[in-house]
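Below, each chain spelled out in residue letters.
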Amino acid sequence: MKIALIVAGIIVALAVGFAMWSKIAYRRWRKRFDAMPPDEQRKEQERMYKVQQMEA
């Protein structure tokens, strides 16, 4: 029983850690993207669109 609680706690801690890391990474990316000139933003959007199409 104790082992199951420890494993569940570890899984929850990892999920919370991943969620926090994702938020921080998105904020950094958004700040970098907003600082780009409009033509660079367009190129980045096109690149992301291509990546998304390759994954689908």
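Rules behind the numbers
Residues numbered from 1 in each chain as written. Predicted model: local features only at pLDDT ≥ 70, side-chain atom pairs only at ≥ 80, totals over all residues. Heavy atoms only, no water. Helix = DSSP H or I, 4+ residues; strand = E, 2+ residues; numbered from the N terminus. Rg over C-alpha atoms; globule rule 2.2 N^0.38 Å. Buried < 20%, exposed > 50% of the residue type's maximum accessible area, 1.4 Å probe, protein only. Areas by Shrake-Rupley, 256 points an atom, 1.4 Å probe, with all protein chains shown as cover. Lys, Arg positive; Asp, Glu negative; His and termini not counted. Charge placed at Lys NZ, Arg CZ, Asp CG, Glu CD. Contact = heavy atoms within 4.5 Å. Salt bridge = Lys/Arg side-chain N within 4 Å of Asp/Glu carboxyl O. Phe/Tyr/Trp six-rings, centres within 6.5 Å; stacked < 30°, edge-to-face > 60°.

Take the overall build of the protein chain next. Tallying secondary structure elements over the protein chain gives 2 helices and 0 strands in all. The C-alpha atoms of the protein chain give 18 Å as radius of gyration, which overshoots the globular expectation for 56 residues (10 Å, by more than 25%). Each principal axis of the C-alpha distribution contributes one length, and for the protein chain these read about 55 × 25 × 5 Å. Counting all 56 residues of the protein chain, 5% fall into the buried class. Surface exposure of the protein chain reaches about 5400 Å², of which carbon and sulfur atoms provide 67%. Taking the 11 positively charged and 6 negatively charged side chains of the protein chain as two groups, their mean positions are separated by 11 Å.

Right, let's get into the side chain of Glu 44. The residue Glu 44 is located in helix 2 (residues 38-55) in this model. If near-sequence neighbours (up to four positions away) are discounted, Glu 44 is found in contact with Trp 29, Arg 32, Phe 33 and Met 36.

The subject of this paragraph is the pattern of salt bridges. The full count for this structure, using the stated rule, is 4 salt bridges. As a salt-bridge pair, Asp 34 and Arg 30 come within 3.5 Å of each other at their nearest N and O atoms. Residue Asp 34 and its partner Arg 30 are both found in helix 1 (residues 2-35); the two are separated by 4 residues, about one turn of the helix. Arg 47 is paired through a salt bridge with Glu 44; the nearest N and O atoms lie 2.7 Å apart.

Per the stated rule, a full pass over the model turns up 3 aromatic pairs. Ring centres 5.0 Å apart and planes at 20° place the aromatic pair Trp 29 and Phe 33 in the stacked group. Residue Trp 29 and its partner Phe 33 are both found in helix 1; the two are separated by 4 residues, about one turn of the helix. Overall, Trp 29 belongs to the partly exposed group, its relative accessible area being 22%. Residue Phe 33 is classed as buried on the basis of its relative accessible area of 6%. One aromatic cluster in this structure is built from Tyr 26, Trp 29 and Phe 33.

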